[in-house]
Amino acid sequence: MIDSIKIIQPDDWHVHFREGEMLSVITKYSSRVNKRCIAMPNTSTPITTSIEAVNYKKLIEDNSDNDNFEALIPCYLTDTLNIADFEYALQNNIFIGGKLYPNNATTNSQFGVNNIKEIYNIFEILEKYNKTLLIHGELNRSDIDIFDREKYFIDEELQQIRKSFKDLKIVLEHVSSDYGVDFVKTNNNIAGTITPHHMLLTKKDVFKDDVVNPHHYCMPVVKNENDLLSLRKAACFNNSKFFLGTDSAPHHVDYKKQNDSLKAGIFSSSNSIELYALIFEEENALENLEVFSSINGPKFYDMDVNKNYLTLNKEDRIIPEYIEEGNIKIKNFYANKNINWKASHLHV
Ligand code: DOR
Ligand code: ZN
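Residues numbered from 1 in each chain as written. Chains lettered and ligands numbered in written order. Predicted model: local features only at pLDDT ≥ 70, side-chain atom pairs only at ≥ 80, totals over all residues. Heavy atoms only, no water.

Here's the deal with the nonpolar core
- If you look at the biggest cluster of nonpolar residues, it comprises 82 residues, and the most contacted ones within it are Leu77, Phe86, Leu100, Phe123, Leu133, Ile161 and Leu312.
- Considering every element that reaches this core, the biggest residue donor is helix H9 (residues 272–282), with seven residues.
- Not counting chain neighbours up to four residues away, the residues in contact with Leu312 comprise Asp3, Ser4, Ile5, Ile7, Ile273, Ala277, Leu289, Trp341, Lys342 and Ala343.
- The next biggest cluster of nonpolar side chains, apart from the first, holds 13 residues, and it includes Met40, Tyr76, Leu134 and Val171. (Core = buried A, V, L, I, M, F, W, Y, C linked by side-chain atoms within 4.5 Å. Buried < 20%, exposed > 50% of the residue type's maximum accessible area, 1.4 Å probe, protein only. Helix = DSSP H or I, 4+ residues; strand = E, 2+ residues; numbered from the N terminus. Contact = heavy atoms within 4.5 Å.)

Pasting the structure below:
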């Protein structure tokens, strides 16, 4: 039995750090194991300008407990973006790329894009500077079933973007379906992030006995067994087009009560690399964890692979139900379940 593995230090290419007290409580969990994290820009006032990006990066890094930790910021794309400032920020590596939220697709996406065709000029700029378009790939329209939003987005928007901007690097974030996996595999210049929860849950874990489990409710919503298996295969079997992105998205437990204000999002950064290790071990693919967690991401983003290493040891423990600090109370993903790995320390 393998009881210890050493991997190149990972990066998390999709995390929500939030703001205020929430940010100060949760940042230590991502910086515990990761060297770099892409900090999603869907804060209550979205990050749309170079100044906001510089300030947000500093805020996160100042709250991390690791001096080498780096937050990378994509621009929240809107219908009314200041294009000159956007170009300036790309040229100066202030923005790592642009994040496309279709309007009302998820948390704080009310500032998102209404008509994607009308921001093709922004995609042209990203392509010109070899910067990445990160996409929340769901089409939210009243005639589309919630489980089909990814498929419709691919068919009605992504195909067209792919054809129009052949050199544009695209990341389909939190790929959630077999259909999405297939699109990423069969198209050029596109990669996908995969979350732990999309590889551990199916819709039966969300909608059980006519009751919605609010702690398993996220966007894109988790899907069928077939989708889960396809995501596991893509992550675990050495496909260079997929890499680690937890989409760890904390909400205070009060927003997770079943009422009108139910927020989508699952908080996993407190046990992120351990959850991935558990999945890779279940698939008999532990030897491929490092490629997924630490190599495919930087390669896609044209960045160096990290220099340090992280050791994970076999250690059985139960994930505590909540994180509670000051006014913050968040439910941990995989709460009260057994996890058999523990990241120990970073080393050279
Ligand atoms: O479940 C989600 N929560 N999906 C997203 O895309 C956003 C996130 C959040 O910010 O809460
Ligand atoms: Zn997200």
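With respect to empty space enclosed by the protein
- Tallied over the full model, the rule gives one cavity of 30 Å³ or more.
- Looking at the largest cavity, it is lined by 17 residues, and the ones nearest its centre are His16, Thr106, Met219, Asp247 and Ala249.
- Split by residue class, the lining of the largest cavity holds five nonpolar, nine polar and three charged. (1 Å grid on protein atoms, 1.4 Å probe; cavity = no way out; pocket = protein on both sides within 12 Å on 5 of 7 lines; lining within 4 Å. Points joined across faces, edges and corners; volume = space filled by probe spheres on them. Nonpolar A, V, L, I, M, F, W, Y, C, P; charged D, E, K, R; others polar.)

A short note on the site of ligand 1
- Close contacts around ligand 1 come from 14 residues, with Arg18, Asn42, Thr107, Met219 and His251 the closest.
- In this structure, an oxygen atom belonging to ligand 1 sits 2.8 Å away from a side-chain N or O atom of Asn42.
- Ala264 is positioned with one of its backbone polar atoms (N or O) 3.0 Å from a nitrogen atom of ligand 1.
- The fraction of the free accessible surface of ligand 1 (290 Å²) that becomes covered by protein chains is 100%. (Near = heavy atom within 4 Å. Polar contact = N/O pair within 3.5 Å; in protein donor to acceptor, adjacent residues only side chain to side chain. Areas by Shrake-Rupley, 256 points an atom, 1.4 Å probe, with all protein chains shown as cover.)

Some points on helix H8 (residues 225–236)
- In this model H8 runs 16 Å from its N-terminal to its C-terminal C-alpha over twelve residues, within 8% of the 16 Å that 1.5 Å per residue would give.
- Taken together, the buried residues of H8 touch helix H6 (178–186), strand E9 (190–194), strand E12 (242–244), H9 and helix H10 (289–300).
- In the stretch just after H8, Asn238 is the one whose phi turns positive, near 65°. (Expected span 1.5 Å × (residues − 1).)

Notes on the sheet that holds strand E1 (residues 4–8)
- The strand order E1-E13-E16 describes an open sheet built from three strands, whose pairing is antiparallel. For this open sheet the edge positions go to E1 and strand E16 (338–347), each flanked by a neighbour on one side alone. Adjacent strand axes in the sheet meet at a mean angle of 35° when their direction is disregarded.
- Of the pairings in the sheet, the one linking strand E13 (residues 309–318) to E16 comprises seven bridges and is antiparallel in character. Residue pairing for E16: Lys314 is matched across the bridge by Trp341.
- Across the sheet, helix H1 (residues 20–33) touches E13 and E16, and the angle it forms with E16 is around 70°.
- Packed on one face of the sheet, H10 meets E1 and E13 and runs near 25° to E1. (Pairing = 2+ DSSP bridges. Axes fitted to C-alpha atoms, helices over the stretch in contact; angles between N-to-C directions.)

Observations regarding the packing of aromatic side chains
- Summed over all chains, the structure comprises 17 aromatic pairs.
- With a centroid separation of 6.1 Å and 40° between ring planes, the pair formed by Phe243 and Phe300 is classed as tilted. Taken together, the residues Phe243 in strand E12 and Phe300 in helix H10 connect sequence positions 57 residues apart.
- On the accessibility criterion, Phe243 (0% relative accessible area) is buried.
- Under the relative-accessibility criterion, Phe300 is labelled buried at 15%.
- Measuring from centroid to centroid gives 5.4 Å for Tyr276 and Phe292, while their planes differ by 55°, and the two rings are tilted. Taken together, the residues Tyr276 in helix H9 and Phe292 in helix H10 connect sequence positions 16 residues apart. (Phe/Tyr/Trp six-rings, centres within 6.5 Å; stacked < 30°, edge-to-face > 60°.)

Geometric descriptors of this kind do not, in isolation, establish any biological role.
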